[in-house]
Amino acid sequence: MSISDSRIVESPISSQHGPLTFTPTDAAQLSKSFAPEIEPDGGEEKKSLPRRSSRLPLMHPTWYSSSINNSSTDCLIGSGGSVTSSNNDSSRQEVPTVGVAEHDIPKLSVMFNRQKYYSRLVHPSDNRMRIPDHVLPASLFYIIPSNTTDKQSSIVTIFAIWNTMMGTSLLSMPWGLVQSGFTFGILLIVFMGLLTLYTAYRVLQSKDYLDFEAFEFSDVCKHYLGRWGEWVAVIFALVTFLGGMLVYWVLMTNFLYVTGVFIYEKASPNHTISNNTGPEVLCPTGYPIPENTSLLFEELLNNTVSNATSNSFYNWWSSTKTVPLFLAILVFPLLNFKSPTFFTKFNCLGTLSVFFVITFVITKAVNWGWNLEFYLSDDPNGYQLPEFRATFPALTGMLSLAFFLHNAVITIVKTNKNPENNVRDLSLGYLFVALTYLTVGVLFYGSFPLPKACIASNLLENLSTHDGFAVAARLFLLMQMLSVFPLLAYMYRVNALYAIFNSAWPGRTHVILVNLSIVIMCVLVAIFYPHIGEIIRYSGSLCGLVYIFCLPSVVYMMAKRSEEALSPIAILMHSTIIVLGVLNFIAQFIIKPSI
Amino acid sequence: MKKKVLLMGKSGSGKTSMRSIIFANYIARDTRRLGATIDVEHSHVRFLGNLVLNLWDCGGQEAFMENYFASQRDNIFRNVEVLIYVFDVESRELEKDMHYYQTCLEAILQNSPSAKIFCLIHKMDLVQEDQRDIVFRDREDDLVRLSKPLQCACFKTSIWDETLYKAWSSIMYQLIPNVQELETNLARFAEIINADEVLLFEKATFLVISHNERRKHKDIHRFEKISNIIKQFKLSCSKVAASFQSMEVRNNCFAAFIEVFTSNTYVMVIMSDTSIPSELTLINIRNARKHFEKLEKLDKNRLNAGRQWRV
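Residues numbered from 1 in each chain as written. Chains lettered and ligands numbered in written order. Predicted model: local features only at pLDDT ≥ 70, side-chain atom pairs only at ≥ 80, totals over all residues. Heavy atoms only, no water.

Participant: How would you summarise the overall build of chain A if you had to cite specific residues and measurements?
Facilitator: Of the regular secondary structure elements, chain A holds 19 helices and 2 strands. Looking at the 595 residues of chain A, the share that counts as buried comes to 58%. For chain A, the share of sequence-separated contacts (at least 6 apart) that also reach a separation of at least 24 residues comes to 83%. In the structure as shown, chain A presents an accessible area of about 24700 Å², 65% of it carried by carbon and sulfur atoms. (Helix = DSSP H or I, 4+ residues; strand = E, 2+ residues; numbered from the N terminus. Buried < 20%, exposed > 50% of the residue type's maximum accessible area, 1.4 Å probe, protein only. Contact = heavy atoms within 4.5 Å. Areas by Shrake-Rupley, 256 points an atom, 1.4 Å probe, with all protein chains shown as cover.)

Participant: How would you explain the overall build of chain B if you had to name every residue and give the values?
Facilitator: Helices and strands together make up the secondary structure of chain B, namely 8 helices and 11 strands. When burial is assessed residue by residue, chain B has 52% of its 311 residues classed as buried. Sequence separation of at least 24 residues holds for 68% of the intrachain contacts in chain B that already meet a minimum separation of 6. Put simply, chain B shows about 15600 Å² of open surface, and 52% of that area lies on carbon and sulfur atoms.

Participant: Account for the nonpolar core, with residues named and values stated.
Facilitator: All names here are of chain A. Formed by 132 residues in total, the largest nonpolar core has its most connected members in Phe217, Met245, Trp249, Phe403, Leu426, Leu460 and Phe485. By residue number, the principal contributor to this core is helix α7 (residues 217-267), which donates 26 residues. Dropping the residues within four chain positions of it, Met245 is found in contact with Phe485, Leu488, Ala489, Tyr492, Ile518 and Cys522. (Core = buried A, V, L, I, M, F, W, Y, C linked by side-chain atoms within 4.5 Å.)

Participant: Tell me about the side chain of B:Thr205, and please be specific about residues and values.
Facilitator: All names here are of chain B. Structurally, Thr205 can be placed in the loop between β7 (197-202) and β8 (208-213). A relative accessible area of 0% means that Thr205 is categorised as buried. Contacts of Thr205, omitting those with residues within four sequence positions, involve Ile22, Phe23, Met172 and Lys231.

Participant: So what's going on with the interface of chain B and chain A? Which residues, and what values?
Facilitator: Taken together, the contact pairs 30 residues of chain B with 25 residues of chain A. Note that B:Glu162 and A:Arg114 form a salt bridge whose closest N and O atoms lie 4.0 Å from each other. There are 8 residue pairs in polar contact (both at pLDDT 80 or more) connecting chain B and chain A. Of all the elements in the fold, those that place two or more residues in the side of chain B that touches chain A are α1 (15-23) and α7 (222-239) of chain B. A total of 9 residues in the side of chain B that touches chain A trace back to one element, the largest contributor, which is α7(B). For the side of chain B that touches chain A, a count of residues per class yields 10 nonpolar, 9 polar and 11 charged. (Salt bridge = Lys/Arg side-chain N within 4 Å of Asp/Glu carboxyl O. Polar contact = N/O pair within 3.5 Å; in protein donor to acceptor, adjacent residues only side chain to side chain. Nonpolar A, V, L, I, M, F, W, Y, C, P; charged D, E, K, R; others polar.)

Participant: Would you mind going over the packing of aromatic side chains in detail, with residue names and values included?
Facilitator: Per the stated rule, a full pass over the model turns up 29 aromatic pairs over all chains. With 6.0 Å between their ring centres and 25° between their planes, A:Phe159 and A:Trp162 make a pair best called stacked. With A:Phe159 and A:Trp162 both in helix α4 (residues 154-165) and 3 residues apart, the pair spans about one turn of that helix. A residue is classified by how much of its surface remains accessible, and A:Phe159, at 37% relative accessible area, is partly exposed. Between A:Trp368 and A:Phe448, the ring centres sit 6.1 Å apart and the planes meet at 80°, which makes this aromatic pair edge-to-face. One end of the pair, A:Trp368, is in helix α12 (residues 348-368); the other, A:Phe448, is in the loop between α15 (422-447) and α16 (468-501), and 80 residues separate them in sequence. Residue classification places A:Phe448 among the buried residues on the basis of a relative accessible area of 0%. Taken together, the ring pairs connect B:Phe201, B:Phe206, B:Phe233, B:Phe244 and B:Tyr266 into an aromatic cluster. Residue placement shows A:Arg202 over the ring face of A:Tyr556; its charged tip is 3.7 Å from the ring centre. (Phe/Tyr/Trp six-rings, centres within 6.5 Å; stacked < 30°, edge-to-face > 60°. Lys NZ or Arg CZ within 6 Å of the ring centre and 35° of its normal.)

Participant: Break down the pattern of salt bridges for me, citing the residues and quoting the values.
Facilitator: Residue and element names in this part refer to chain B. This structure, assessed with the given rule, holds 19 salt bridges over all chains. Of the charged contacts, one joins Asp133 and Lys156 as a salt bridge, the two residues approaching to 3.6 Å between their closest N and O atoms. A residue pair is termed long-range when its members are at least 10 positions apart, and Asp133 in helix α4 (residues 132-147) and Lys156 in strand β6 (residues 152-156) qualify at 23 residues. Note on Asp133: relative accessible area 44%, which makes it partly exposed. Close ionic contact of Asp219 with Lys225 constitutes a salt bridge, the shortest N to O distance being 2.8 Å. Lys225 matches Asp219 in its accessibility class, with the two residues each being buried.

Participant: Tell me about the confidence of the model for chain A, residues and numbers included.
Facilitator: Residues and elements named next belong to chain A. Within chain A, residue pLDDT values average 71, and 68% of them lie at 70 or more. When the elements of chain A are averaged for pLDDT, strand β1 (residues 74-77) gives the smallest value, 32, and α15 the largest, 89. Across residues 292-308, confidence stays below pLDDT 50; counting only partners more than four residues off in sequence or on other chains, it has 17 contacts. Counting contacts from residues 374-383, a segment whose pLDDT is below 50, to residues more than four positions away or on other chains yields 13 contacts. (pLDDT = per-residue confidence, 0-100.)

Participant: Lay out the confidence of the model for chain B in plain terms, naming residues and giving numbers.
Facilitator: Residue and element names in this part refer to chain B. With 83% of its residues at a pLDDT of 70 or more, chain B shows a mean pLDDT of 80. Strand β10 (residues 255-260) holds the highest mean pLDDT among the elements of chain B, 92, whereas strand β2 (residues 41-47) holds the lowest, 62. Between residues 34-39, whose pLDDT stays under 50, and residues either more than four places distant or in other chains, the model counts 11 contacts. Interface confidence for the predicted complex, given as ipTM, is 0.84, next to a pTM of 0.50.

Participant: Now, about the sheet that holds β7(B): what can you tell me, with residues and values included?
Facilitator: Residues and elements named next belong to chain B. Taken in spatial order, the 5 strands line up as β8-β7-β11-β10-β9 in an open sheet, and their pairing is antiparallel. In the strand order of this sheet, the two ends are held by β8 and β9 (247-250), each with one partner. Looking at each pair of strands side by side, their axes are set apart by 10° on average, direction ignored. Relative to β8, β7 is paired through 5 bridges, and the arrangement is antiparallel. If you follow Val198 over to β8, its bridge partner there is Asn212. Lying on the sheet, helix α6 (residues 179-193) is in contact with β7, β8 and β11 (265-271); it crosses β8 at an angle near 40°. (Pairing = 2+ DSSP bridges. Axes fitted to C-alpha atoms, helices over the stretch in contact; angles between N-to-C directions.)

Participant: So, the packing of α7(A) against helix α17 (residues 508-528) of chain A: which residues are in play, and what are the values?
Facilitator: In a packed pair of helices, the relevant descriptors are the angle between the two axes and the axis-to-axis distance. All names here are of chain A. At their nearest, the axes of α7 and α17 sit 9 Å apart, and the two run at 55° to each other. Here α7 is positioned oblique relative to α17, judged by the angle of their axes. The element α7 and its partner α17 pack so that their crossing is right-handed. Where α7 approaches α17, its residues Leu242, Met245, Leu246, Trp249, Val250 and Thr253 are matched on the opposing element by Ile518, Val519, Met521, Cys522, Val523, Val525 and Ala526. (Parallel < 35°, antiparallel > 145°, perpendicular 65-115°, else oblique. Left-handed = near helix turned anticlockwise from the far one by under 90°.)

Participant: Break down the pairing of β7(B) for me, with residues and values.
Facilitator: Residues and elements named next belong to chain B. Most of β7 is tucked away: 6 of the 6 residues are buried. Burial along β7 is two-sided: the residues Glu197, Leu199 and Phe201 and Val198, Leu200 and Glu202 are all buried. Count of turn residues in the β7/β8 antiparallel hairpin: 5 residues, of which Phe206 carries a positive phi of about 55°. In this sheet, β11 lies alongside β7 in antiparallel orientation, the contact comprising 6 bridges. Among the inter-strand pairings, Val198 is bridged to a residue of β11, identified as Val269.

Participant: Requested: an account of the pairing of strand β5 (residues 116-122) of chain B, with residues and values cited.
Facilitator: All names here are of chain B. Judged by how many residues are buried, β5 sits mostly within the fold: 6 of 7 residues are covered. Note: strand β4 (residues 80-88) against β5, 7 bridges, orientation parallel. The partner of Val82 across the bridge, within β5, is Lys116. Where the polypeptide runs from β4 across helix α3 (residues 94-111) and back to β5, its parallel neighbour, the crossover connection is right-handed. When β5 meets β6, the two strands line up parallel, connected through 5 bridges. Residue pairing for β6: Leu120 is matched across the bridge by Phe155. On the question of chirality, the crossover connecting β5 to the parallel β6 by way of α4 is right-handed. (Right-handed = clockwise from strand over helix to strand, strands pointing away.)

Participant: With reference to specific residues and values, describe helix α18 (residues 532-562) of chain A.
Facilitator: All names here are of chain A. End to end, α18 covers 42 Å across 31 residues, agreeing with the expected 45 Å (1.5 Å per residue, within 8%). Of all 31 residues in α18, 25 are buried; the element is thus mostly enclosed. The first or second residue beyond α18 is Glu564, which carries a positive phi of 60°. (Expected span 1.5 Å × (residues − 1).)

Participant: Which residues make up α16(A), and what values go with them?
Facilitator: Residue and element names in this part refer to chain A. Here α16 is 34 residues long and its end C-alpha atoms lie 48 Å apart, about the 50 Å a rise of 1.5 Å per residue gives. The buried count for α16 comes to 25 of 34 residues, which makes it a mostly enclosed element. Downstream of α16 by a residue or two, Asn502 has a phi angle that is positive, lying close to 60°.

Right, here's the structure in full:
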């Protein structure tokens with residue numbers, strides 16, 4: 001046990017126990033009582049509840065205080081919302097008790113009084129009147145989170161990076177390729193991957209310039225940019241979480257709706273579709289289908305129409321009207337837990353669902369065959385496969401969220417066994433992520449049998465409600481999202497409440513209010529604007545602007561400037577990055593991609 | 001003739017520290033002696049008017065004990081008012097400790113049979129908290145049994161909690177003959193001057209002899225704390241060869257007055273009505289002083305008369 005701080009809490013107890021004034025000599029004498037040296041805290045009067053000198057980072061272990069008794073899993077949330085638990089299971093991430101336990105205060109106060117008196121009775125060098133260790137209350141000591149002895153091998157780190165970044169943007173990749181044109185889209189994915197890798201590397205490196213241990217990037221920002229920087233980091237982190245939550249909600253609504261329809265149609269006796277195998281592929285965007293499509297896909301319009309019958313079920317179970325509310329009723333209770341550790345146990349569902357989606361896409365691609373050349377012929381209708389489209393910022397906006405790791409990269413990479421491989425592992429992680437996105441995007445896009453403009457921003461919408469694979473995928477993803485959504489809500493709530501009230505749990509009413517506001521926002525968006533592509537690109541470009549483009553560059557330039565090592569090329573490069581981020585953000589409002 | 005308070009116990013049982021803490025004596029740097037005390041430590045601490053504290057190490061080399069102790073026995077044990085015997089709870093030689101204790105008791109029985117006997121089981125902080133009561137009860141039973149026909153009162157003490165202070169306060173309380181009367185008079189005094197609390201301290205040790213609380217206070221440790229603070233102040237005063245006489249502490253919530261009261265006591269008066277001027281309270285205390293001194297004189301005569309008859 002190492003002793004780091006011993007701080008004494010004052011009022012309101014002081015009125016009962018007398019003021020605890022701590023003069024420099026006392027501090028010096030008290031410090032000699034302990035065998036391991038503590039640093040007496042200057043000589044300031046202990047007036048307020050001690051705060052850690054730097055504001056707690058966005059994902060600080062103390063927020064799991066009441067929940068984590070012996071479990072010591074750290075929980076991280078990446079963008080788009082898949083959850084990983086870092087594998088330092090044996091790290092003693094105990095809660096630092098900030099302050100002294102209430103029942104110990106009278107004891108401490110009189111102990112201190114005694115010590116002051118006894119120390120006057122002997123020569124200062126005499127050891128006999130020192131407080132023995134066994135007499136001090138345990139709450140004076142706190143266990144400093146140690147540098148974890150359990151480090152992860154590179155493979156685990158790479159996997160953690162991949163797992164954290166893999167989010168629901170996976171489902172929107174084909175749509176993104178549609179918006180940007182095929183070839184250009186691929187190039188963009190590669191380019192954004194490299195750019196975000198570079199800035200993630202800068203984020204990782206930024207803590208090396210500091211002499212204190214920064215927990216996360218927001219600590220670094222606070223150091224360089226002051227309170228203002230910290231607030232920026234907090235607000236934009238909140239925006240990230242909110243964006244993730246909105247996307248999740250819309251997706252969950254969609255999945256729930258479709259699953260409900262599927263169950264209903266399986267169960268209801270009067271089936272509108274006689275043959276079980278309806279059209280496999282749908283075009284929910286409403287893009288007109290050219291006449292020379294294969295007969296296999298003709299009934300799709302019928303299928304979309306049948307759903308709009310004034311069946312009473314469909315009045316009750318409308319994806320834009322009622323399902324969000326049902327979902328709210330289902331999810332709201334889950335949000336009110338004090339600790340999210342229960343949900344972190346479902347974190348493996350995320351990985352499984354990603355693999356499921358990949359397998360599923362590959363299977364579909366094999367089924368449909370390669371349809372890329374389908375419209376490359378000089379078709380007078382102009383269904384030419386664009387290589388480049390002016391709406392490409394939709395893809396870059398999306399990719400900003402897809403490659404977002406920056407608020408968690410320090411924590412994930414910290415536990416790498418061989419830190420000299422950090423850059424290599426980070427790059428490999430990003431490479432695998434990019435490959436995954438490319439695979440899903442290219443395969444689905446390439447093999448999609450209908451006009452590419454039909455591809456919806458949630459690729460599962462393109463599949464019929466009866467497709468077995470799709471049904472399973474939706475169910476799977478629904479369950480996974482139900483387990484991740486509370487975590488996202490928790491991160492959002494904790495950050496928001498901590499920023500405003502300086503406490504992660506200021507009271508049940510506050511928490512319920514925050515959760516209500518989250519749910520109301522999500523429901524409204526699901527009812528009136530359920531276009532995940534849009535949500536992803538707006539929130540992605542906004543957070544990307546701050547976290548991916550601006551903050552790392554600014555922090556790097558400031559660090560270099562303080563070292564007097566700032567070269568003009570570096571200024572140019574990083575300013576360009578910042579400008580790109582701003583342009584990316586502005587462009588989202590200008591373009592009008594096909595929804 | 002000065003009456004003695006004997007503070008006895010094995011070497012290393014904590015007597016010197018105890019004395020130093022209770023009487024605010026500075027401990028010289030190296031009091032670790034290699035053998036038994038050869039001579040009794042006379043301290044010039046007088047308290048309760050006519051009592052003098054003598055500190056004696058019991059134990060050490062067998063032969064030495066037998067010889068010296070035997071020859072000086074009568075000298076040491078004559079005119080003893082109080083015997084305070086200190087046992088170290090961690091001692092591994094229980095048999096020996098009891099043997100020495102019994103030797104002392106025999107001497108007391110011969111020379112000062114009316115002495116009051118107190119046994120302190122010291123260094124209790126070294127025992128685990130849940131074990132303390134059990135260990136203490138055990139020792140207490142043994143000691144009471146061994147002390148017969150004399151009566152002894154046992155306390156468990158440690159310098160690191162309030163037990164030392166409480167034990168010595170109890171001892172002091174039992175040494176003051178007219179304490180009930182003092183308390184009733186103190187209560188009346190507190191009523192009259194409308195004080196929140198009035199305390200009576202013994203002069204040398206600032207142990208609280210009696211107190212009257214008219215307004216509840218949450219801090220149960222306040223007596224010890226105040227004693228410690230005043231003793232520290234006394235130490236500082238003695239460094240400049242001044243002697244502590246009185247103190248007034250005042251802020252917008254309360255006013256506290258510490259004044260010499262009788263020849264053996266100090267009084268502390270806490271007033272929460274700060275609109276009352278200090279002078280008024282001081283006049284009140286001065287007047288009460290005369291009354292209490294009369295009480296004490298009355299009783300001293302009673303006491304001395306009593307003592308004469310007892311021998």
